[in-house]
Amino acid sequence: MRRLLKKAGFYLSVLVLVSPAILVFLWMLSLSFKNELDNTAFPPVFIPNPPVLSNYLDVFAKNNFALYLWNSVLVTGGAVLIGLLVGVPAGYGIARGKAAKFAILILIARMTPALSYLIPLFLLFQMIGLVGSITALVITHLVITIPIIVWIMIGYFENVPLELEQAARIDGATTWQAFRYVALPLAKPGIVIGGILAFIFSWNNFIFSVVLGGKNSRTLPSAVYNSLTFEQISWGPLAAAALLVTLPVLLVTVVAQRQIVAGLSAGGLKDG
Amino acid sequence: MTATTLPPVVGAEPAPPASARHSVDFTPRYWLFAAPAVVVIAAVIVFPWIFTLYMSGHDWKIGGGPEFVGLQNYAELFRDSRFLESMGHTLYFTVLAVVLPILFGTAAALVFHRDFPLRGLLRTIFVMPMMATPVAIALVWTMMFHPQLGVLNYLLSLVGIGPQEWVYAPGTVIPTLVMVEVWHWTPLVMLIVLGGLAGLPSEPYESARIDGASDWQMFRHITLPLVWPFIMVAVVIRTIDALKAFDTIFVITQGGPGTASETLNIFLYLQAFQFYKIGYASAVVVIFFAIVILLSLLLLYARQKSKWNA
């Protein structure tokens, strides 16, 4: 009996732990599939009956959603790609060169509020006429992607045994070749994790696009936020848009859960 | 980068001894790998830091030119009651947004450390809030907080609790925003502590059980001391993250009602991009930066000192 009670208590605690997440996500889903009448009904309607797609159609028809989606893809894609091209070799150089001071600089960069980069970069872009351009957003998003990628790659390259590269060097390989053909393939999991986390943090970023994005260069999070201020309560389309914005990230989380957990416990901090 | 000082291995020449392989000229070339990153980091990270410091010593409005005023911005800040209030809000928010996720996250880690059916799936669900786009989630919370039509007040009414004002009253706005923050970031604490639990040895538990220790005693005297360093890491990360909290507060309240939820971050944003006081806002950034660095050093130091004595 005591055992049974203990077991019931355990499952109850599991339920309590996951229910806030389930509640919010399901409510978002429910709002996005209900018509406006049901969304403003009290007591609230929980299960859309019948479920309607009009909110999703609205999002694409009225709000230029496709353009903002494309902007998000360009900005995040560009920032992650450049981040990997620059950050992976840097992680190698820091790990092998034992550049501890540079590593600390990267750590401080990870801890600094994103907002604090915004004023100087805004002035700079204003001076060279880049405010409102995709280029400015890609450059600014490097503030997010490079530190996380470098930080994770340092950890991975430190775990690649130096002896393998030394053996390659003895066989006549250059430093570059030892990096390219020995260390890089072994650190591949790190590249995947660094890329995924950089993608998530860059995709989720909001404030850079609010300040630096123009009417046509906004990324999704700030575009959805802007639609909030212009429309009155129209919860259905808003919930549908919110769901579409966060869907890619949630899908990546589900697919790559194992890698993300490994990457975060390897010392990743979130950005913000 | 392709030049090498190692002689090409020709014929049956023996490999150089180990000491020769560790020759000094290995080190400088590794810097070349970091060179592109150094350039980019100098441009988008270090330059903004220095420029911010420079701006903080000037009276500078967007559109106008800089005028050197020395430390006047800083002096003015500490006379600005709105700034001082925002410091108070930040402190209140941060304390709650560190303590609660640490408690819940540690409890969650203990639960997910055990094996039970569907654990993998449930853990994925539990971790999802951490990855979800904060703006999107903030919009959903905003709809849930609606005083008349919101689902939260309805759910409370089911258990006999009267309607709450959530983010619409100065008294409840910060705890409500903390609730959203707790929702988002408890999973990160859980993951960090779970990592600590995964490395625990099993022997102490076996002998403690033979000695008749209760579950609570085992947690208090074995588990807690062993995972303490991980909890401290989580405290450091949470503190820095809570100080930086911006997206959800900005979307849900924009610092309101009035200035009741205006944290340092929101204050800074408004000064810079609503009132265009660049120099003034830069001084806030410098103070903010100093607090973040100081806190992380302090907490890392505390972590080294607190070799928990059980």
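Just so it is clear, the model here is predicted, and its values are computed rather than measured.

Caption draft 1: Spotlight on the overall build of chain B. If you tally the helices and strands in chain B, you get 13 helices and two strands. Looking at chain B residue by residue over its 310 residues, the buried ones come to 41%. In chain B, 73% of the contacts between residues at least 6 apart in sequence involve partners at least 24 apart.

Caption draft 2: Seen up close, the overall build of chain A. A count of helices and strands for chain A gives 14 helices and zero strands. For chain A, the α and β elements follow one another from N to C terminus as α-α-α-α-α-α-α-α-α-α-α-α-α-α. Along the first, second and third principal axes, the C-alpha atoms of chain A reach 75 × 70 × 30 Å.

Caption draft 3: Representation of the interface of chain A and chain B. The interface is formed by 78 residues belonging to chain A together with 75 residues belonging to chain B. Element by element, the count of residues in the side of chain A that touches chain B is highest for helix H1 (residues 2–32) of chain A, at eleven residues. Classifying every residue of the side of chain A that touches chain B gives 57 nonpolar, 17 polar and four charged.

Caption draft 4: Here's a closer look at H1(A). Over its 31 residues, H1(A) runs 44 Å from end to end, which matches the ideal 45 Å to within 8%, given 1.5 Å per residue. Every buried residue of H1(A) is accounted for by A:Val14, A:Leu17, A:Val18, A:Ala21, A:Val24, A:Met28, A:Leu31 and A:Ser32.

Caption draft 5: Layout of the nonpolar core. Ranked by internal contacts, the top residues of the largest apolar core, which has 170 residues, are A:Ala242 and B:Val140. When residues in this core are grouped by element, the largest group, 18 residues, is from helix H7 (residues 134–158) of chain A. Those residues in contact with A:Ala242 that lie beyond four places of it in its chain are A:Met28, A:Val224, B:Ala136, B:Leu139 and B:Val140.

Caption draft 6: Inspection of the packing of H7(A) against helix H10 (residues 188–204) of chain A at higher detail. All names here are of chain A. Relative to each other, H7 and H10 sit at 155°, their axes nearing to 9 Å. Classified by the angle between their axes, H7 and H10 sit roughly antiparallel to one another. The two elements H7 and H10 cross, and the hand of that crossing is right-handed. Residue-level inspection shows His141, Ile144, Thr145, Ile148, Ile149, Ile152, Met153, Gly155 and Tyr156 of H7 in contact with H10, the latter providing Pro189, Gly190, Ile193, Gly194, Leu197, Ala198, Phe201 and Ser202.

Caption draft 7: Structural detail: helix H8 (residues 173–198) of chain B. Residue and element names in this part refer to chain B. Counted at 1.5 Å a residue, the expected span for H8 with its 26 residues is 38 Å, and the 38 Å between its end C-alpha atoms agrees. At Trp185, H8 shows its largest bend, some 40°, and a proline, Pro187, comes one to four positions later. Burial analysis of H8 places 22 of its 26 residues in the buried class, which makes it a mostly covered element.

Caption draft 8: Quick look at unusual backbone geometry. Of note, the bond from A:Asn49 into A:Pro50 is cis; its omega dihedral lies within 30 degrees of zero at -5°. Inspection of the secondary structure assignment puts A:Pro50 in the loop between helix H2 (36–39) and helix H3 (54–62). A cis geometry characterises the amide bond from B:Gly256 onward to B:Pro257, with omega recorded as -5°. Here B:Pro257 shows up in the loop between helix H11 (247–252) and helix H12 (264–273). Notably, A:Lys98 is not glycine yet its phi reads approximately 50°, a positive angle. On the secondary structure map, A:Lys98 appears in the loop between helix H4 (65–97) and helix H5 (100–111). Of note, the phi angle at B:Leu118 is positive, near 65°, even though the residue is not glycine. Turning to its location among the elements, B:Leu118 is positioned in the loop between helix H4 (81–113) and helix H5 (119–131). Look at B:Leu118 and you get exposed, because 10 C-beta atoms sit within 10 Å.

Caption draft 9: Molecular detail of the packing of H4(A) against H7(A). All names here are of chain A. As a packed pair, H4 and H7 sit with axes 6 Å apart at the nearest point and diverge in direction by 35°. Crossing handedness for the pair H4 and H7: right-handed. In terms of residue class, the contact of H4 with H7 is made up of 23 nonpolar, eight polar and two charged.

Caption draft 10: Region of interest: the environment of B:His184. All names here are of chain B. Take His184: it is sitting in helix H8. In the structure, His184 is positioned 83 residues away from Pro101 in sequence and 9.2 Å away in space, judged by C-alpha atoms. For His184, the residues in contact, after removing those within four places along its chain, are Pro129, Met130 and Pro134.

Caption draft 11: View of the confidence of the model for chain B. All names here are of chain B. Within chain B, residue pLDDT values average 85, and 87% of them lie at 70 or more. Here helix H1 (residues 18–21) stands out as the least confident element of chain B, with mean pLDDT 47; H4 is the most confident, with 95. Of the regions scoring below 50 in pLDDT, residues 1–27 engages in 18 contacts with residues more than four places distant in sequence or in other chains. Across the assembled chains, the prediction reports ipTM 0.89 with pTM 0.88.

Caption draft 12: The confidence of the model for chain A, seen in detail. Residue and element names in this part refer to chain A. Scored by pLDDT, chain A comes out at a mean of 88, with 95% of its residues at no less than 70. Considering each helix and strand of chain A separately, the mean pLDDT is smallest for helix H14 (residues 257–265), with a value of 74, and largest for H4, with 94. Counting contacts from residues 267–272, a segment whose pLDDT is below 50, to residues more than four positions away or on other chains yields 22 contacts.

Rules of the game
- Residues numbered from 1 in each chain as written.
- Chains lettered and ligands numbered in written order.
- Predicted model: local features only at pLDDT ≥ 70, side-chain atom pairs only at ≥ 80, totals over all residues.
- Helix = DSSP H or I, 4+ residues; strand = E, 2+ residues; numbered from the N terminus.
- Buried ≥ 20, exposed ≤ 12 C-beta atoms within 10 Å, placed from the backbone.
- Contact = placed C-beta atoms within 7 Å.
- Nonpolar A, V, L, I, M, F, W, Y, C, P; charged D, E, K, R; others polar.
- Expected span 1.5 Å × (residues − 1).
- Core = buried A, V, L, I, M, F, W, Y, C linked by C-beta atoms within 7 Å.
- Axes fitted to C-alpha atoms, helices over the stretch in contact; angles between N-to-C directions.
- Parallel < 35°, antiparallel > 145°, perpendicular 65-115°, else oblique.
- Left-handed = near helix turned anticlockwise from the far one by under 90°.
- Bend = angle between axes of the 7 residues up to and from the residue.
- pLDDT = per-residue confidence, 0-100.

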